[in-house]
Amino acid sequence: MSSVLSGRRILLTRPEGQVESLATRLRAQGAEISHFPAIRITLAPPDSTAQVLVEQATFIIFVSANAVRGLMAGPDPLVHVVRRASGIAAIGPATTKALLQIGLEPDVVAPPPYNSEALLSAPVLQDLKRRQVVIVRGQSGREMLADELGRRGAEVQYLEVYRRDPPTDMLSIGEMPGGPPEAICITSAEIAENLLQCVTSEEETVLRESALIAGNTRIAEACRKLGYTAPAGVADNPGDDAMIDALTSCFAALPPNA
């Protein structure tokens, strides 16, 4: 059966090691896929103080699959310590999958659209007076989750176990195989910002006017603030299923191979 994605040139920008499943599924529908990792994930395994922090936690929240990988990357993985916590929370299916792979089943998983706001709707997170909450995340990031948990009475601490670094290579849109991409998938605001630093000044205008598929409305708004043309599509979340749905909707509205 033919697909509206057949022959479409799509640029994926996720980090190395986190693009394969999406690329495979898109190629299966006939899309021509290029990959430029517009962000680098560097794990920063926790030091000896992390075990004490995790041991004291009532609730441990993992904000991404990278948070799971980072916490477990040290010489003495903390799976046994995390398992003793009263509650484990995951933001979305990818984070849940990473936890299950190391034998941990989350007690709470954020519903769609798989973000902090959705996680905060969980009943168990409504009253957190005198509860110790550890948020496992990358260096820096949104403060909204910790701020709201604090308003609900929790004592919140961060455990930062990875870095998000910009790429070291340049992106040459004009020299891409088959021509410039017809759509660029953007799954974080940092990726959108990094891309602008990875093209020449001559190609920056081309990039800003490219058809973007943003991973959610917050990412789409960040793209607009960075000067990108309004995204051609906005997914419900940055996961594979939602991004494919958004790409399909985008190209279904265009003539074949437009």
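Only a predicted model underlies this, so the values are computations on that prediction, with no experimental measurement involved.

(A) Examining the overall build of the protein more closely. Helix and strand counts for the protein come out as eleven helices and twelve strands. Scaling as 2.2 N^0.38, a compact globule of 258 residues should have a C-alpha radius of gyration of about 18 Å, and the protein matches this with 20 Å. Along the longest, intermediate and shortest principal axes, the C-alpha atoms of the protein span 55 × 35 × 35 Å. Within the span of the protein, comprising 258 residues, buried residues form 49% of the whole. Pairs at least 24 residues apart make up 65% of the contacts formed inside the protein by residues separated by at least 6 positions. On the protein, roughly 12,300 Å² of surface is accessible, and the fraction owed to carbon and sulfur atoms is 50%.

(B) Structural view of the nonpolar core. By size, the foremost hydrophobic cluster in this structure holds 26 residues, and its most contacted members are Ile-60, Phe-62, Leu-71, Val-82, Val-136 and Leu-159. Looking at this core, the elements that each hand over two or more residues are α2 (49-56), β4 (59-62), α3 (65-71), α4 (79-83), β5 (87-90), α5 (93-101) and β7 (132-137). For this core, the leading source of residues is α3, giving four residues. Residues Leu-171, Leu-196, Leu-207 and Leu-212 belong to the second largest nonpolar core, which totals 22 residues.

(C) How the structure looks around the side chain of Asn-216. Looking at where Asn-216 falls in the secondary structure, it is placed in the loop between β11 (212-214) and α10 (217-225). For Asn-216, a relative accessible area of 10% corresponds to the buried category. Ignoring anything within four residues of it in the chain, the contact list for Asn-216 reads Val-234, Ala-235, Asp-236 and Pro-238.

(D) Structural context of the sheet that holds β5. Overall, parallel pairing links the five strands, which are arranged β6-β5-β4-β7-β8 in an open sheet. Of all the strands in the sheet, just β6 (108-109) and β8 (155-160) have a single pairing partner and so form its edges. Pairing geometry for β7 and β8, over six bridges, is parallel. Paired with Val-136 across the bridge in β8 is Leu-159. Contacts from α5 reach β4, β5 and β6 within the one sheet, and its direction differs from that of β5 by about 135 degrees.

(E) Spotlight on the sheet that holds strand β12 (residues 233-234). Taken in spatial order, the five strands of this open sheet run β2-β1-β10-β11-β12, and their pairing is parallel. Each end of this open sheet is capped by a strand with a single partner; those strands are β2 (32-35) and β12. Of the strand pairs in this sheet, strand β1 (residues 9-12) and strand β10 (residues 183-186) are connected by three bridges, and their pairing is parallel. What sits directly across from Leu-12, in β10, is Cys-185.

(F) Structural detail: the pattern of salt bridges. For the coordinates displayed, the defined rule picks out 14 salt bridges. Put simply, Asp-241 and Arg-25 hold a salt bridge, and the shortest N to O gap is 2.7 Å. On the criterion of sequence distance, the pair formed by Asp-241 in helix α11 (residues 240-252) and Arg-25 in helix α1 (residues 20-28) is long-range, its members being 216 residues apart. A salt bridge links Asp-165 to Arg-163; its shortest N-O distance comes to 3.2 Å. Since its relative accessible area comes to 15%, Asp-165 is described here as buried. The exposure class assigned to Arg-163 is partly exposed, which follows from its relative accessible area of 32%. Overlapping salt bridges bring together Arg-8, Arg-9 and Glu-182 as one network.

Calculation notes
- Residues numbered from 1 in each chain as written.
- Predicted model: local features only at pLDDT ≥ 70, side-chain atom pairs only at ≥ 80, totals over all residues.
- Heavy atoms only, no water.
- Helix = DSSP H or I, 4+ residues; strand = E, 2+ residues; numbered from the N terminus.
- Rg over C-alpha atoms; globule rule 2.2 N^0.38 Å.
- Buried < 20%, exposed > 50% of the residue type's maximum accessible area, 1.4 Å probe, protein only.
- Contact = heavy atoms within 4.5 Å.
- Areas by Shrake-Rupley, 256 points an atom, 1.4 Å probe, with all protein chains shown as cover.
- Core = buried A, V, L, I, M, F, W, Y, C linked by side-chain atoms within 4.5 Å.
- Pairing = 2+ DSSP bridges.
- Axes fitted to C-alpha atoms, helices over the stretch in contact; angles between N-to-C directions.
- Salt bridge = Lys/Arg side-chain N within 4 Å of Asp/Glu carboxyl O.

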